[in-house]
Amino acid sequence: MPSSTFRRDTHASTVHLPAGEWASVLDALCARFAAIDRDTWLDRIARGRVLDGQGVAITPQTPHRAGLRIHYYREVEEETPIPFIETVLYADEHLVVADKPHFLPVTPAGGFVEQTLLRRLIRRLGNPALVPLHRIDRATAGLVLFSANPGSRSAYQALFRERRIDKGYEALAAPLPELAFPLVRRSRIATGEPFFRMREAEGMANSETRIEVIERREDCWRYALHPVTGRKHQLRVHMAALGAAIMHDTCYPQLAEAADDDHRRPLKLLARELAFLDPLSAEPRRFESLLHL
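Scoring rules and cut-offs
Residues numbered from 1 in each chain as written. Predicted model: local features only at pLDDT ≥ 70, side-chain atom pairs only at ≥ 80, totals over all residues. Heavy atoms only, no water. Helix = DSSP H or I, 4+ residues; strand = E, 2+ residues; numbered from the N terminus. Contact = heavy atoms within 4.5 Å. Buried < 20%, exposed > 50% of the residue type's maximum accessible area, 1.4 Å probe, protein only. Pairing = 2+ DSSP bridges. Phe/Tyr/Trp six-rings, centres within 6.5 Å; stacked < 30°, edge-to-face > 60°. Lys NZ or Arg CZ within 6 Å of the ring centre and 35° of its normal.

A.B. asks: Quick rundown of the environment of cysteine 220? Include the residues and the values.
C.D. replies: Within the fold, cysteine 220 resides in the loop between β11 (207–216) and β12 (221–227). Distance in space between the C-alpha atoms of cysteine 220 and aspartate 37 is 49 Å, their sequence separation being 183 residues. Apart from residues lying up to four places away in sequence, cysteine 220 is in contact with Leu172, Ala173, Pro175 and Met247.

This is the structure:
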């Protein structure tokens, strides 16, 4: 009989079952996730890896019900190790600040489950309540804030929602001597093709980035990027649109052919600084990455 204890040592994915004629939850999951065969779902169920909304492990006969919340644990049979180590810069009962290396995802996605910043920190700190307060791309290195306490989580989440946190990035890209700096790039960013790429589109701006030059070299410049908004791939899209795609960017302005990660050529983008007034103590907080481009 599968365990009925909701696992708190890892984070489950959640799906709400749609309406349909399926007799069981198993049938609905097989229809919803066509890439996962029935035997795989049966194996997960037998090991207590598929739970209902109350954290009770389902059985192959658990009846389907529209809207039923199901938790399941993503598994990757052969997960590629990420050969870079994160650094914990700060940790207290409410907040954890980590320095993420290039190539490491923040949360499970695609072919990465255990090789993610979230799962590494949960194991290292022994705190399954950790939740990232924001995201940076897998290709980007630098600072990521985590909530360590559900009781204070909403206060820290509001910092990002209400834009009460200053984020500073650095990037290496081609020189732009024809432009006057500092400058502000505003544009409408929309989903592109394929689905994971973004693009600038016609219409009212929904993104804004302030850009400065902090070092001028002959072959490239070092830019300070300050995103006012937090659109997906915003900094990469804005720099490419200006004619200075960030060095080693495999998505912008052109999508490179699919290939394994080249650890010798990381994206030259770093989440350098985070500054805010702590919502609990009202004291100023500022964190700076130890990494360098």
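A.B. asks: Describe the side chain of threonine 140, naming the residues involved and giving the relevant values.
C.D. replies: Summarising the element assignment, threonine 140 is placed in the loop between β6 (131–132) and β7 (141–147). The class for threonine 140 is buried, based on a relative accessible area of 2%. Residue contacts for threonine 140: discarding those within four places in its chain leaves Lys100, Pro101, His102, Tyr169, Leu267, Leu269, Leu270 and Ala271.

A.B. asks: Hey, could you go over the pairing of strand β3 (residues 69–72) for me, with residue numbers and the actual values?
C.D. replies: Bridge count for strand β1 (residues 13–16) against β3 is four bridges, and the pairing is antiparallel. Note that in β3 the partner of histidine 16 across the bridge is arginine 69. Bridge count for strand β2 (residues 50–52) against β3 is three bridges, and the pairing is antiparallel. By the bridge assignment for β3, leucine 51 is matched with histidine 71.

A.B. asks: Describe the environment of cysteine 251, with residues and values.
C.D. replies: Considering the arrangement of structural elements, one finds cysteine 251 in the loop between α5 (234–241) and β13 (269–277). What cysteine 251 contacts, discounting residues up to four positions off in sequence, is Phe196, Arg197 and Arg236.

A.B. asks: An account of helix α4 (residues 153–161) is needed here, citing residue identities and associated values.
C.D. replies: Taken residue by residue, α4 has Arg153, Tyr156, Ala158, Leu159 and Phe160 as its buried positions. In the core, the buried residues of α4 are packed alongside β5 (95–100), β6, β7, β8 (165–173) and β13. Just downstream of α4 lies arginine 163, where phi reads positive at about 55°.

A.B. asks: Account for the packing of aromatic side chains, naming residues and giving values.
C.D. replies: Under the defined criterion, the tally for this structure stands at ten aromatic pairs. Taking 5.7 Å as the distance between ring centres and 45° as the angle between the ring planes, the aromatic pair formed by phenylalanine 33 and tryptophan 41 counts as tilted. Judged by its relative accessible area of 0%, tryptophan 41 is buried. Arranged with centres 5.5 Å apart and planes meeting at 50°, the rings of tyrosine 90 and phenylalanine 287 form a pair that is tilted. Taken as a pair, tyrosine 90 in strand β4 (residues 87–91) and phenylalanine 287 in strand β14 (residues 284–288) lie far apart in primary sequence, 197 residues in all. A relative accessible area of 27% places tyrosine 90 in the partly exposed class. The class of phenylalanine 287 is buried, set by a relative accessible area of 10%. Through successive ring pairs, a cluster of aromatic residues spans Phe33, Trp41 and Tyr72. One Lys or Arg, arginine 32, reaches over the ring of phenylalanine 33 and ends 4.7 Å from the middle of that ring. Sitting over the ring of tryptophan 221, arginine 216 keeps its end group 4.6 Å from the ring centre.

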